[in-house]
Amino acid sequence: MSQLGALSNGWAIDTPPVDLRNDNEYHPVFKAFLAGSFSGTFSTILFQPLDLVKTRLQNPSQHVVAATVNSRIQPGMITIFVNIVRQEQIVGLWKGMVPSIARCVPGVGLYFSSLHWLKSKLGKTKQDLGAMEAVGLGVVARTMSGVALIPMTVIKTRYESGVYKYSGLRSALKSIYKAEGIRGLSCGLGPTLARDAPFSGLYLMFYTQTKQAMPKEWMSTPAAASMIHFSCGIVAGIAASLATNPADVLKTKMQLYPDKFPNAFSAAMYINQNYGIKGYFKGAVPRMLRRTLMAAMAWTVFEQITRSIGLK
């Protein structure tokens with residue numbers, strides 16, 4: 001992980017291994033956090049290129065050579081992918097990976113630990129969660145992690161776009177705070193929560209309900225259980241991603257151009273005037289692929305880890 005971070009941006013993160021096998025050594029919420037962080041690390045690194053392409057699609061004026069339709073730039077996913085490789089080589093597809101890890105890894109950990117804590121307070125498990133209970137728990141857990149990590153979300157979006165040139169996390173935090181204050185470090189919080197909270201709520205609902213519909217005997221072996229978890233995650237991710245893509249477009253606009261778009265309404269007006277309804281689904285394909293595969297893999301890995309450490 002450190003090598004890839006150094007190649008992509010000159011930043012590095014080293015994570016010491018943690019042994020979770022001793023059930024009595026760690027609090028269950030802490031174990032849920034570490035298990036979620038581990039699953040988030042793996043999926044974040046694997047699917048970072050899709051997130052980069054999604055951000056560039058939503059900000060087409062940067063680093064794109066594309067066909068013009070009705071005097072508007074209409075870059076495609078493949079066009080942007082090829083241009084990134086051509087201009088920045090293959091490692092360019094992992095640009096912004098370290099701020100992604102700094103956001104997603106603790107974010108996934110906070111989400112899973114918050115979810116575990118909330119379920120324990122309600123005396124619930126994933127097996128007996130109702131549809132609306134799953135939505136509510138997913139929304140609350142994601143809101144908690146989203147608010148805590150909004151500065152990392154801002155840095156991640158700006159770095160991936162190519163509009164801003166930051167040399168590291170610390171310099172980015174200092175630069176944004178000096179130029180824009182606290183507001184700069186939290187810009188786009190509303191659309192971010194409007195994207196992530198419903199996504200997590202809908203995802204958890206579709207995931208738990210789909211899994212509960214599966215015959216119990218199919219879960220008898222670890223290999224079959226992993227396949228079922230992953231398949232349920234795919235179904236849940238597709239539905240949740242499509243429903244929340246408009247909020248993702250608004251979030252990207254506000255975080256890249258805070259002076260031009262001080263609120264979600266101004267960003268929405270700009271998108272309506274320049275792109276119409278289709279503008280709200282820019283980057284939908286790479287985002288759907290990334291969020292669906294990343295969430296499915298994160299849940300699959302998390303389920304396996306929690307089973308192996310006796311958390312379930």
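Residues numbered from 1 in each chain as written. Predicted model: local features only at pLDDT ≥ 70, side-chain atom pairs only at ≥ 80, totals over all residues. Heavy atoms only, no water.

Caption draft 1: Spotlight on the overall build of the chain. Along its length, the chain carries eleven helices and two strands. Taken from N to C terminus, the helices and strands of the chain fall in the order α-α-β-β-α-α-α-α-α-α-α-α-α. Residues counted as buried form 51% of the 312 residues belonging to the chain. Sequence-distant contacts, at least 24 apart, represent 77% of the contacts inside the chain between residues at least 6 apart. Summed over its atoms, the accessible surface of the chain is roughly 14,200 Å², and 65% of this surface lies on carbon and sulfur atoms. (Helix = DSSP H or I, 4+ residues; strand = E, 2+ residues; numbered from the N terminus. Buried < 20%, exposed > 50% of the residue type's maximum accessible area, 1.4 Å probe, protein only. Contact = heavy atoms within 4.5 Å. Areas by Shrake-Rupley, 256 points an atom, 1.4 Å probe, with all protein chains shown as cover.)

Caption draft 2: Just helix α11 (residues 284-308), in detail. In this model, α11 (25 residues) spans 35 Å end to end at C-alpha, consistent with the 36 Å of a helix rising 1.5 Å per residue. Within α11, 18 of the 25 residues are buried, which leaves it mostly tucked inside the rest of the structure. (Expected span 1.5 Å × (residues − 1).)

Caption draft 3: Local environment of the packing of aromatic side chains. A complete count under the given rule lists ten aromatic pairs for this structure. Arranged with centres 6.0 Å apart and planes meeting at 85°, the rings of tryptophan 299 and phenylalanine 302 form a pair that is edge-to-face. In this pair, tryptophan 299 and phenylalanine 302 are both assigned in helix α11, three residues apart and thus about one turn of the helix distant. Of the two residues, tryptophan 299 and phenylalanine 302, both sit in the buried class. Pairwise contacts between aromatic rings join Tyr111, Phe112, Phe199, Tyr203, Tyr207, Trp299 and Phe302 into one cluster. (Phe/Tyr/Trp six-rings, centres within 6.5 Å; stacked < 30°, edge-to-face > 60°.)

Caption draft 4: How the structure looks around the environment of tyrosine 164. Residue position: tyrosine 164 is located in the loop between α6 (150-161) and α7 (169-185). Sequence-wise, tyrosine 164 and leucine 256 are 92 residues apart; in three dimensions their C-alpha atoms are separated by 8.5 Å. Excluding residues within four positions of it along the chain, tyrosine 164 makes contact with Arg158, Gln255, Leu256 and Pro258. In terms of polar contacts, tyrosine 164 uses its side chain to reach the backbone carbonyl oxygen of leucine 256, at 2.5 Å. (Polar contact = N/O pair within 3.5 Å; in protein donor to acceptor, adjacent residues only side chain to side chain.)

Caption draft 5: Region of the structure containing the packing of helix α4 (residues 97-122) against helix α5 (residues 131-148). One way to put it is that α4 packs onto α5 with a least axis distance of 8 Å and a crossing angle of 140°. As summarised for this structure, α4 and α5 are arranged oblique, according to the angle between their axes. For the pair α4 and α5, the sense of crossing is right-handed. Residue-level contacts link Gly107, Leu110, Tyr111, Ser114, Leu115, Leu118, Lys119 and Leu122 of α4 to Leu137, Gly138, Val140, Ala141, Arg142, Met144, Ser145 and Ala148 of α5. (Axes fitted to C-alpha atoms, helices over the stretch in contact; angles between N-to-C directions. Parallel < 35°, antiparallel > 145°, perpendicular 65-115°, else oblique. Left-handed = near helix turned anticlockwise from the far one by under 90°.)

Caption draft 6: View of the nonpolar core. Tyr111, Leu115, Tyr203, Leu204 and Trp299 are the most contacted members of the largest nonpolar core, which has 33 residues in total. Secondary structure elements with two or more residues in this core: α2 (28-58), α4, α5, α8 (189-212), α9 (222-256) and α11. With eight residues, the top contributor of residues to this core is α11. Of all hydrophobic cores here, the second largest spans twelve residues; its members include Val154, Ile155, Tyr166 and Leu185. (Core = buried A, V, L, I, M, F, W, Y, C linked by side-chain atoms within 4.5 Å.)

Caption draft 7: Expanded view of empty space enclosed by the protein. The full count for this structure, using the stated rule, is one cavity of 30 Å³ or more. What the largest cavity holds in volume is close to 440 Å³. Every residue lining the largest cavity is counted, 31 residues in all, and those nearest its centre are Arg103, Val108, Arg142, Arg291 and Met294. Of all the elements in the fold, those that place two or more residues in the lining of the largest cavity are α2, α4, α5, α6, α8, α9 and α11. Broken down by element, the lining of the largest cavity gets its largest block of residues, seven residues, from α11. When its residues are assigned to classes, the lining of the largest cavity shows eleven nonpolar, eight polar and twelve charged. (1 Å grid on protein atoms, 1.4 Å probe; cavity = no way out; pocket = protein on both sides within 12 Å on 5 of 7 lines; lining within 4 Å. Points joined across faces, edges and corners; volume = space filled by probe spheres on them. Nonpolar A, V, L, I, M, F, W, Y, C, P; charged D, E, K, R; others polar.)

Caption draft 8: Representation of the pattern of salt bridges within the structure. A complete count under the given rule lists 13 salt bridges for this structure. Across the pair lysine 54 and aspartate 248 runs a salt bridge, and its minimum N-O distance is 3.3 Å. Here lysine 54, found in helix α2, pairs with aspartate 248, found in helix α9; they are 194 residues apart in sequence, far enough to count as distant. In this structure, lysine 54 and aspartate 248 share a single accessibility class: buried. (Salt bridge = Lys/Arg side-chain N within 4 Å of Asp/Glu carboxyl O.)

Caption draft 9: Inspection of the environment of leucine 46 at higher detail. Note that leucine 46 resides in helix α2. Residue leucine 46 is classed as partly exposed on the basis of its relative accessible area, which comes to 43%.

Caption draft 10: A look at the side chain of lysine 253. One can find lysine 253 in helix α9. The buried charged residue lysine 253 lacks any salt bridge, with aspartate 248 as its nearest oppositely charged partner at 11 Å. Once residues lying within four places of it in the same chain are set aside, the contact partners of lysine 253 are Gln58, Phe261, Ala267, Tyr270 and Ile271. (Lys, Arg positive; Asp, Glu negative; His and termini not counted.)

Caption draft 11: Fine view of the packing of α4 against α8. It is the contact of α4 with α8, at a shortest axis distance of 14 Å, that shows an interaxial angle of 50°. Of the possible angle classes, the one that applies to α4 and α8 is oblique. Crossing handedness for the pair α4 and α8: right-handed. Of the residues in α8, those in contact with Arg103, Tyr111 and Leu115 of α4 are Arg195, Asp196, Ser200 and Leu204. In the contact of α4 with α8, the residues fall into three nonpolar, one polar and three charged.

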